[in-house]
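Working through the structure, step by step
What follows is the residue order along each chain.
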Amino acid sequence: MQKENEKTTETAVMTAMAKFLSEIWFEEEIREQPEHMCEIFEAILVTQVGDYMDLRIKMINCIRTINKLAEALEPFSDLEIKKAYQKMLNT
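Quick summary incoming for the structure in this document. (Residues numbered from 1 in each chain as written. Predicted model: local features only at pLDDT ≥ 70, side-chain atom pairs only at ≥ 80, totals over all residues. Heavy atoms only, no water.)

Let us now look at the overall build of the protein. From N to C terminus, the protein includes four helices and zero strands. Taken from N to C terminus, the helices and strands of the protein fall in the order α-α-α-α. Looking at the 91 residues of the protein, the share that counts as buried comes to 20%. Counting contacts in the protein only where the partners sit at least 6 residues apart, residues at least 24 apart contribute 72% of the total. For the protein, the exposed area adds up to about 7,400 Å²; of that, 58% sits on carbon and sulfur atoms. (Helix = DSSP H or I, 4+ residues; strand = E, 2+ residues; numbered from the N terminus. Buried < 20%, exposed > 50% of the residue type's maximum accessible area, 1.4 Å probe, protein only. Contact = heavy atoms within 4.5 Å. Areas by Shrake-Rupley, 256 points an atom, 1.4 Å probe, with all protein chains shown as cover.)

With that out of the way, let us pick up helix 2 (residues 33–45). With 13 residues, helix 2 should reach 18 Å at 1.5 Å per residue; the first-to-last C-alpha distance of 18 Å fits that figure. Three or more residues of helix 2 are buried, namely Gln33, Pro34, Met37 and Phe41. Along the axis of helix 2, the buried positions cluster into a sector of 90°, meaning they face one direction only. Of the exposed residues in helix 2, the ones pointing more than 90 degrees away from its buried face are Glu39 and Glu42. Along its buried surface, helix 2 packs onto helix 3 (53–73). (Expected span 1.5 Å × (residues − 1). Arc of directions from axis to C-beta.)

Now for the packing of helix 2 against helix 3. Direction vectors running N to C along helix 2 and helix 3 enclose 170°, while the axes themselves pass 9 Å from each other. Judged by the inter-axis angle, helix 2 sits roughly antiparallel to helix 3. Residues Gln33, Pro34, Met37, Cys38, Phe41, Ile44 and Leu45 of helix 2 form the contact with helix 3, whose participating residues are Leu55, Arg56, Met59, Cys62, Ile63, Ile66, Asn67 and Ala70. Partitioned by chemical class, the residues of the contact of helix 2 with helix 3 number 12 nonpolar, two polar and one charged. (Axes fitted to C-alpha atoms, helices over the stretch in contact; angles between N-to-C directions. Parallel < 35°, antiparallel > 145°, perpendicular 65-115°, else oblique. Nonpolar A, V, L, I, M, F, W, Y, C, P; charged D, E, K, R; others polar.)

Structure follows, in structure tokens:
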């Protein structure tokens, strides 16, 4: 990431985000990630390590973030998402 107040175009930011989302969406099944993370975190939470409050907060934030991504892309088919990524990457 760049430092604050450095010149960056909005297009460059959106292109970078499109590339990032494209890579994670098609490499792994993002739609199933929230459930996978919940399973993992629930297993950790019953251990002594899971008693660490900062770790619990980080896990909850991770689940929340991946849920928001999956919800944002849920209305669209994989083909629609792929076309949108390609359009953004080609601009």
